[in-house]
Amino acid sequence: PYKRPMPSKDLYRTNQMLTGWLIPMGWVEALPEWTNTTFFGQVLWKWAALFILVAINIAIALWVFKWSRKRPWDGSLRSFLRYLTTPMVILLLTLHLRQMVYVQINMTGSMVEVPFYCMETVIDLAIVWIIWLTSSRLAEILIMLPKINAESLDAHIIRLAARSTGILMILV
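Residues numbered from 1 in each chain as written. Predicted model: local features only at pLDDT ≥ 70, side-chain atom pairs only at ≥ 80, totals over all residues. Heavy atoms only, no water.

Colleague: In this structure, what is going on with the packing of aromatic side chains? I would like to understand it.
Modeller: Within a pair of aromatic rings, the relevant descriptors are the distance that separates the centres and the angle that separates the planes. Taken as a whole, this structure holds four aromatic pairs when the rule is applied. With centroids separated by 4.6 Å and ring planes inclined at 75°, the aromatic side chains of Phe-39 and Phe-40 adopt a geometry described as edge-to-face. Ring plane angle 55° and centroid distance 6.5 Å describe the contact between Phe-65 and Trp-129, whose orientation is recorded as tilted. Of this pair, Phe-65 sits in helix α3 (residues 44–68) while Trp-129 is found in helix α5 (residues 113–143), placing the two residues 64 residues apart along the sequence. Judged by its relative accessible area of 26%, Trp-129 is partly exposed. Just above the ring of Tyr-83 sits the side chain of Arg-69; from NZ or CZ to the centre is 3.8 Å. (Phe/Tyr/Trp six-rings, centres within 6.5 Å; stacked < 30°, edge-to-face > 60°. Helix = DSSP H or I, 4+ residues; strand = E, 2+ residues; numbered from the N terminus. Buried < 20%, exposed > 50% of the residue type's maximum accessible area, 1.4 Å probe, protein only. Lys NZ or Arg CZ within 6 Å of the ring centre and 35° of its normal.)

Here it is, written out as structure tokens:
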């Protein structure tokens, strides 16, 4: 059979070194040789980039969480939006992190599934958090109607129904 020469001697290794358009190959080639050592199917610099990005995302999420909790919950729309910022920021940061890891850092292989599963879990938890806050807020809006006393049995039933609906929405 006819065999033509391959453009690369080690295509698998070349694939491990490839990056997205945000990370020039010149930067990758300029790294020390020890950063190109394979560890769990990836070169070390890719694992380091992943951990740095995760640390930055955690720092931003913690800062937003602290900022959103500076004032106590008073039931207003402003409080609701302030409390909603943390899960929204976590959701957006995790979606961005997933895109960066998959497209720009170009992590591939079976061991990379672990960080991706962790990211999916964080995304799901952020969505659960958003649903829970929203269902509780909707209950409080109903209770603010002039006919319902905030401490009455009706108010407690509305809160219970909203929380039960929130749990059902989470399970679906």
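Colleague: Looking at this structure, how should I read the pattern of salt bridges?
Modeller: Side chains carrying opposite charge are able to pair once their charged atoms draw close together. All told, the structure shown has two salt bridges when counted by the stated rule. Between Glu-140 and Arg-159 there is a salt bridge, and its shortest N-O distance comes to 2.9 Å. Of this pair, Glu-140 sits in helix α5 while Arg-159 sits in helix α6 (residues 153–171), placing them 19 residues apart in sequence. The partly exposed category is assigned to Glu-140, whose relative accessible area is 24%. (Salt bridge = Lys/Arg side-chain N within 4 Å of Asp/Glu carboxyl O.)

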